[in-house]
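The lines below spell out each chain.
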Amino acid sequence: MRKLEEVMNKFTKRAFDIVISFIGLLITLPIVLIAWLVASIDTKSNGLFIQKRVGKGGNFFNVYKIKTMKIVKGVDTTITSSDDVRITKSGKFFRKYKIDELPQLWNVLIGDMSFVGPRPDVPGYADKLEGDDRIVLSIRPGITGPATIKYKNEEEILAQQDDPKWYNDNVIWPDKVKINKEYIKNWSLKKDIEYIIKTVKG
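Residues numbered from 1 in each chain as written. Predicted model: local features only at pLDDT ≥ 70, side-chain atom pairs only at ≥ 80, totals over all residues. Heavy atoms only, no water.

Notes on the overall build of the chain
- Scanning the chain from terminus to terminus reveals 7 helices and 4 strands.
- Reading the secondary structure of the chain in the N-to-C direction produces α-β-β-α-α-β-β-α-α-α-α.
- The globule rule puts the C-alpha radius of gyration for 202 residues at 17 Å, and the 17 Å found for the chain is close to it.
- Along the three orthogonal principal directions, the C-alpha set of the chain runs to about 55 × 40 × 30 Å.
- Relative to its full complement of 202 residues, the chain shows a buried share of 41%.
- Sequence-distant contacts, at least 24 apart, represent 67% of the contacts inside the chain between residues at least 6 apart.
- For the chain, the accessible surface area stands at approximately 11900 Å², while carbon and sulfur atoms represent 61% of it.
- A gap of 4 Å separates the mean positions of the 34 positive and 25 negative side-chain charges of the chain. (Helix = DSSP H or I, 4+ residues; strand = E, 2+ residues; numbered from the N terminus. Rg over C-alpha atoms; globule rule 2.2 N^0.38 Å. Buried < 20%, exposed > 50% of the residue type's maximum accessible area, 1.4 Å probe, protein only. Contact = heavy atoms within 4.5 Å. Areas by Shrake-Rupley, 256 points an atom, 1.4 Å probe, with all protein chains shown as cover. Lys, Arg positive; Asp, Glu negative; His and termini not counted. Charge placed at Lys NZ, Arg CZ, Asp CG, Glu CD.)

Regarding the pairing of strand β2 (residues 60-66)
- With 7 bridges joining them, strand β1 (residues 48-54) and β2 adopt antiparallel strand pairing. Counterpart to Lys52 in the pairing with β2 is Asn62.
- Hairpin connection between β1 and β2: a loop of 5 residues separates the two successive antiparallel strands, and Gly57 in this loop has a positive phi of roughly 75°. (Pairing = 2+ DSSP bridges.)

What to know about the packing of helix α1 (residues 2-43) against helix α7 (residues 189-201)
- Taken N-terminus to C-terminus, the directions of α1 and α7 make an angle of 30°; their axes are 11 Å apart at the nearest point. The angle between the axes of α1 and α7 places the two elements in the roughly parallel class. Between α1 and α7, the contacting residues are Thr12, Lys13 and Phe16 on the first element and Leu189, Asp192, Ile193 and Ile196 on the second.
- Among the residues forming the contact of α1 with α7, the class breakdown is 4 nonpolar, 1 polar and 2 charged. (Axes fitted to C-alpha atoms, helices over the stretch in contact; angles between N-to-C directions. Parallel < 35°, antiparallel > 145°, perpendicular 65-115°, else oblique. Nonpolar A, V, L, I, M, F, W, Y, C, P; charged D, E, K, R; others polar.)

Points about a nonpolar patch on the surface
- Side chains of Val19, Ile20, Phe22, Ile23, Leu26 and Ile27 sit close together on the surface and give an oily, nonpolar patch of about 570 Å² of accessible area.
- Mapped onto the elements, Ile23 comes out in helix α1. (Patch = residues over 30% accessible without salt bridge, like charges linked within 9 Å, V, L, I, M, F, W, Y side chains within 5 Å. Salt bridge = Lys/Arg side-chain N within 4 Å of Asp/Glu carboxyl O.)

Let's talk about helix α6 (residues 164-185)
- The end-to-end C-alpha distance of α6, which contains 22 residues, comes to 30 Å, matching closely the 32 Å that a straight helix rising 1.5 Å per residue would cover.
- At Ile172, α6 shows its strongest bend, of approximately 35°, with the proline Pro174 following within four residues.
- Buried within α6 we find Asn168, Ile172, Trp173, Asp175, Lys176, Val177, Ile179, Asn180, Lys181, Tyr183 and Ile184.
- Where α6 is buried, its residues contact α1, β3 (114-116), α4 (146-150), α5 (154-159) and α7. (Expected span 1.5 Å × (residues − 1). Bend = angle between axes of the 7 residues up to and from the residue.)

Some words on a positive patch on the surface
- Together, Lys44, Lys70, Lys89 and Lys92 give the surface a local cluster of positive charge.
- Here Lys92 lies in helix α2 (residues 89-96).

Regarding the nonpolar core
- Residues Ile66, Phe94, Met113, Phe115, Val116, Ile143 and Tyr183 are the most contacted members of the largest nonpolar core, which totals 21 residues.
- Elements that contribute at least two residues to this core include exactly α1, β2, α3 (104-110), β3, α6 and α7.
- Top element by residues in this core is α1. It accounts for 4 residues.
- Residues Ile79, Tyr151, Ile172 and Val177 belong to the second largest nonpolar core, which totals 15 residues. (Core = buried A, V, L, I, M, F, W, Y, C linked by side-chain atoms within 4.5 Å.)

Description of the environment of Ile172
- Within the element layout of this structure, Ile172 appears in helix α6.
- Sequence-wise, Ile172 and Tyr183 are 11 residues apart; in three dimensions their C-alpha atoms are separated by 16 Å.
- With near-sequence residues (within four places) excluded, Ile172 lies in contact with Tyr151, Glu154, Ile157, Leu158 and Tyr167.

Written out as structure tokens, the structure is:
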């Protein structure tokens, strides 16, 4: 009975993702195209950002976002704070209103991601989880989720730290893992919808 419930939950979550991401892509496509054009001009490069992230089962996939940062010589950290010199003028706007995340609707539609779940991290974090913590890799990563909502001002928090990377690795990241484990163990479609609404409301 427990196994059947798990199968139905997975089916329900995936069906919801497919339907809503398809509708979302149709509605937001004009915004994505305009944002891509602006980002291309602002960064003097392709305005679509593609990066390898860790997905379900620890497998890698390419995540799609609107490019919000430019290349700055000597700065190559994957930890971003709000005062990062690489963030462009348009990038600040896109990041503030989450416009840069819209291309991830495609990731959701093709099955790389889900609407709600742990955020997909760059290699070196989720793929290094051990023991019970690896439950985080049992589901598709999400555009939003309880950890994302709690740390919606993560860049501002990191900007206040003397060592942003240390704070991220030793304070924020372990807390996110704890939150995401609880989310997975107590999943419901109702909660997913609530997280999506909270994210949209900001």
